[in-house]
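# Breakdown of the fold
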Amino acid sequence: MGHIIADLKETFRRGNIFIQLIYINVGIFVIGTLVNVFLRLFELSIPDIFGIFALPASFTGFIHQPWSLFTYMFMHAGILHILFNMLWLYWFGSLFLYFFSAKHLRGLYVLGGICGGLLYMVAYNIFPLFSSQVAGSTLVGASASVLAIVAATAYREPNYRVQLFLFGAIRLKYLALVVIGIDVLSITSSNAGGHIAHLGGALAGLWFAASLSKGVDLTSWINWILDGFVSLFQKKTWKRKPKMKVHYGNSATGREKDYDYNAHKKAQSDEVDRILEKLKKSGYDSLTTEEKKSLFDASKR
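Since the structure is predicted, the reported quantities are computational estimates derived from the model, not experimental observations. (Residues numbered from 1 in each chain as written. Predicted model: local features only at pLDDT ≥ 70, side-chain atom pairs only at ≥ 80, totals over all residues. Heavy atoms only, no water.)

## Quick look at the overall build of the protein chain
What the protein chain contains, in helices and strands, is 14 helices and four strands. Counting all 301 residues of the protein chain, 37% fall into the buried class. A fraction of 65% describes how many contacts in the protein chain between residues 6 or more apart in sequence connect residues 24 or more apart. Entry remark: accessible area of the protein chain is about 19,400 Å², with carbon and sulfur atoms responsible for 66%. (Helix = DSSP H or I, 4+ residues; strand = E, 2+ residues; numbered from the N terminus. Buried < 20%, exposed > 50% of the residue type's maximum accessible area, 1.4 Å probe, protein only. Contact = heavy atoms within 4.5 Å. Areas by Shrake-Rupley, 256 points an atom, 1.4 Å probe, with all protein chains shown as cover.)

## A short note on the pairing of strand S4 (residues 168-171)
Where strand S3 (residues 161-164) lies against S4, four bridges are found, and the strand directions are antiparallel. Note on S4: the bridge partner recorded for Arg161 is Arg171. The turn joining S3 and S4, which pair antiparallel and follow one another in sequence, is formed by three residues; a positive phi near 75° is taken by Leu166. (Pairing = 2+ DSSP bridges.)

## Re the packing of aromatic side chains
Using the criterion set out here, one finds eleven aromatic pairs in the structure. Here the aromatic rings of Phe100 and Phe208 are separated by 5.4 Å at their centres, their planes lie at 55°, and the arrangement is tilted. Here Phe100, found in the loop between helix H6 (79-96) and helix H7 (102-126), pairs with Phe208, found in helix H10 (residues 192-212); they are 108 residues apart in sequence, far enough to count as distant. Taking relative accessible area as the criterion, Phe100 reaches 9% and is therefore assigned buried. The exposure class of Phe208 is buried, given its relative accessible area of 0%. Aromatic ring contacts, followed pair by pair, group Phe70, Phe74 and Tyr109 into a single cluster. (Phe/Tyr/Trp six-rings, centres within 6.5 Å; stacked < 30°, edge-to-face > 60°.)

## Here we look at a nonpolar patch on the surface
A cluster of nonpolar side chains, Leu80, Leu83, Phe84, Leu87, Tyr90 and Trp91, forms an exposed patch at the surface whose accessible area comes to about 630 Å². Positionally, Leu80 belongs in helix H6. (Patch = residues over 30% accessible without salt bridge, like charges linked within 9 Å, V, L, I, M, F, W, Y side chains within 5 Å. Salt bridge = Lys/Arg side-chain N within 4 Å of Asp/Glu carboxyl O.)

## Focus: the packing of helix H9 (residues 172-185) against H10
One way to put it is that H9 packs onto H10 with a least axis distance of 8 Å and a crossing angle of 140°. On the basis of the axis angle, H9 is oblique to H10. Seen from above, H9 lies across H10 with left-handed handedness. Listed contacts from H10 to Ile180, Asp183 and Val184 of H9 are His195, His198, Leu199 and Ala202. (Axes fitted to C-alpha atoms, helices over the stretch in contact; angles between N-to-C directions. Parallel < 35°, antiparallel > 145°, perpendicular 65-115°, else oblique. Left-handed = near helix turned anticlockwise from the far one by under 90°.)

## Notes on the side chain of Asn36
Tracing the backbone through its elements, the reader meets Asn36 in helix H2 (residues 17-41). The contacts of Asn36, once residues within four sequence positions are left out, are Asp48, Ile49 and Phe50.

## Quick look at the nonpolar core
Ranked by size, the top nonpolar core spans 60 residues in total, and within it Tyr109 and Phe208 carry the most contacts. Among the secondary structure elements, those contributing two or more residues to this core are H2, helix H3 (49-53), H6, H7, helix H8 (143-156), H9, H10 and helix H11 (220-231). In terms of residue count, the dominant contributor to this core is H7 (eleven residues). Excluding its chain neighbours within four sequence positions, the residues that come into contact with Phe208 are Phe96, Phe100, His104, Leu108, Leu111, Ala152, Asp217, Leu218 and Thr219. (Core = buried A, V, L, I, M, F, W, Y, C linked by side-chain atoms within 4.5 Å.)

## Here's the deal with the environment of Ile22
Positionally, Ile22 belongs in helix H2. Counting along the chain gives 68 residues from Ile22 to Tyr90, while the straight-line C-alpha distance between them is 7.7 Å. When residues no more than four places from it in sequence are discounted, the contact partners of Ile22 are Met86, Leu89 and Tyr90.

## Some remarks on the UniProt feature "transmembrane region" (unreviewed entry) in the protein chain
Under the feature "transmembrane region" (unreviewed entry), the UniProt entry names residues 17-42, 49-67, 79-100, 107-127, 133-152, 164-186 and 192-210. The distance separating the terminal C-alpha atoms of residues 107-127 is 30 Å; by composition the span is 95% helix and 0% strand. Across residues 192-210, helical content stands at 100% and strand content at 0%; the span's end C-alpha atoms are separated by 27 Å. (UniProt positions renumbered as here; feature names shortened; annotations may be inferred.)

Here you go:
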């Protein structure tokens, strides 16, 4: 167990942000699953842990748990759900970092999740097709965040080739189009909310990459908030700074020290002038060992 914890600490220290996100997602999934098992085992009437942090489709439900717009993107409904999302995050997270920074990835993960969640709620509350499903529908998963990363990478390097099992090498732009096309065609499926969120995440990724190419970083405000939150848990934030001691230069002791220092500097300068004059008249060989050392020390200052 000790070496596992050490490896985790080293991973976070190195700043492999997509690995950190994977650990966070997996950790939350394991803890949530264990809590739910505990609740069912002891037949406690506490609400389901996933329900507390899942994003409701209705605006009324969202008002009662506004944190869910952030927390839902770290929740998953099952083993296969988290497995495929984390695999995509690993593959495209590492590829994303070839063209963008780690902070961009962290910020875009959150931005993609927010945009995906907002589009999901808007679609379910506006389109009559979903009117009968609004009350009981919720959204969980990192898919919108991952699709934002995929879309941003494809926008930045559309002709970059990736190797896919069974399909061979394919350009990123075609891979992104296929994935987004599947989501568009699946809007009327049983997982319509998930596919709508995917589209929201993909649009966020394109928006981010296009804006960054013009010098505007859409993730800066997210990273500013996250950095502020993380700093709350750092020792240096709470460590008291030592009081500064102020020494006033008008004291007798201070004046004496200044006089001694200036006198010493004057003596050194006079000695160097004397050695240089001797060097000029009699040459370098006429200097004593001590004089040569003094001249050498003066040349380094």
